[in-house]
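Letter by letter, the chains look like this.
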Amino acid sequence: MQGEKRSKIAGERTAVAGRSDADEDSRNLVNSLAKGLRVLESFTAERPELTLSEVASLAKIDPGTAFRMLNTLVMAGYVARVPDSKRFRLTLKVTDLGFHAIARADLRELARPILRSLVGEVNEAASLGVLDGADILYVERVRAGLTRIGVDIRIGTTIPAFWSTIGEAMLAFLPSAELERVLSLKPRPGVFPHKPMNRSEIEASLKNVRECGHALRDSYFGSGLRVLAMPVLDVDNYPLAAVSVAVPQIQMSSKEFREHALDAVRRATVDIARAIQASGSVSAIA
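How each quantity is defined
- Residues numbered from 1 in each chain as written.
- Predicted model: local features only at pLDDT ≥ 70, side-chain atom pairs only at ≥ 80, totals over all residues.
- Heavy atoms only, no water.
- Helix = DSSP H or I, 4+ residues; strand = E, 2+ residues; numbered from the N terminus.
- Buried < 20%, exposed > 50% of the residue type's maximum accessible area, 1.4 Å probe, protein only.
- Polar contact = N/O pair within 3.5 Å; in protein donor to acceptor, adjacent residues only side chain to side chain.
- Pairing = 2+ DSSP bridges.
- Axes fitted to C-alpha atoms, helices over the stretch in contact; angles between N-to-C directions.
- Contact = heavy atoms within 4.5 Å.
- Salt bridge = Lys/Arg side-chain N within 4 Å of Asp/Glu carboxyl O.

Along the chain, the position of R112 falls in helix α5 (residues 92-122). Exposure remark for R112: the relative accessible area of 18% places this residue in the buried category. Side chain to side chain, R112 and E109 meet in a polar contact 3.4 Å long. Of note is the side chain of R112, whose polar atom sits 2.9 Å from the side chain of E140.

Here you go:
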């Protein structure tokens, strides 16, 4: 009898704990986002076009909510109205979400052996980055030997694009409208020291990079590094990514560094661009 009582109490405690966990999960749930995702998931290969009432039924939301969700997704570019009908369909922007994740994995595989060859040639650390909103996301990095130099850049590190050398190499070659969009975005908060820059300083720096075809300057992070970066351009001269190499400032001057590394970095960016083109499946911009 006593054992049954203890078992019952333990069961009640487990149930209370379960409810507590569920309550915590519900507090962390953004209901509107969850509903919006259900709206997107309502569309399938078998149901490529849906009416508002069909979306409401499939997503298990009321018609008014479905109307607001669809209008929001239309404005954001993820859903389009089918002309001359009351139906909706997904746009290719939805597929981009999946392709970006796949592309970065593919891009690392394509770029890694080329970066290793680059490091072997210049004997300096090399990195590959892509644009992710207002930031540069480092997707691959190869060091020369076991020595770690400067700031601790790792795969997955993000740095505001407009004050990183590798970011400048990409921003300088973006179409004007896209450059405006990127510069209007707010970078992620990070652990790196911030260097205030006004718009005229950014534009002057990017103009210089466009004219030179590469970015070369001392790091803004106070790391004692000199960094050279070049964009990976597609056949339309659109920047898919950028490659950078870094050297301690005390080791060589900017002129010496350019003479030492520029041709090797250029060959690496061309090789990566060719590898991307041959793969036919990599889109590196976020």
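So much for the structure itself; the text now carries on.
To continue, consider the sheet that holds strand β4 (residues 125-132). Pairing within the open sheet is antiparallel, and its six strands lie in the order β6-β5-β4-β9-β8-β7. Both edges of this open sheet fall to β6 (158-160) and β7 (215-218), since each of them pairs with a single strand only. Strand-to-strand twist across the sheet, computed as the mean angle between neighbouring axes with direction ignored, equals 30°. Inspection of the sheet shows β4 paired to strand β5 (residues 135-142) by seven bridges, in the antiparallel sense. Following the sheet pairing, L131 is matched in β5 by I136. Strands in contact with helix α9 (residues 254-279) are β4, β7, β8 (225-233) and β9 (239-248); relative to β8, the strand with the most contacts, it is inclined by about 30°.

The next thing to look at is the pattern of salt bridges. Scanning the model with the defined rule gives 13 salt bridges in all. Ionic pairing is found between R87 and E49, a salt bridge with its closest N-O pair at 3.9 Å. In this pair, R87 is assigned in strand β3 (residues 87-90) and E49 in strand β1 (residues 49-51), connecting sequence segments 38 residues apart. Residue R87 is classed as partly exposed on the basis of its relative accessible area, which comes to 28%. On the basis of relative accessibility, which here comes to 32%, the residue E49 falls in the partly exposed class. One salt-bridge network, held together by shared partners, links R108, E109, R112 and E140.

Remember that the coordinates give geometry; whether it matters functionally is a separate question.
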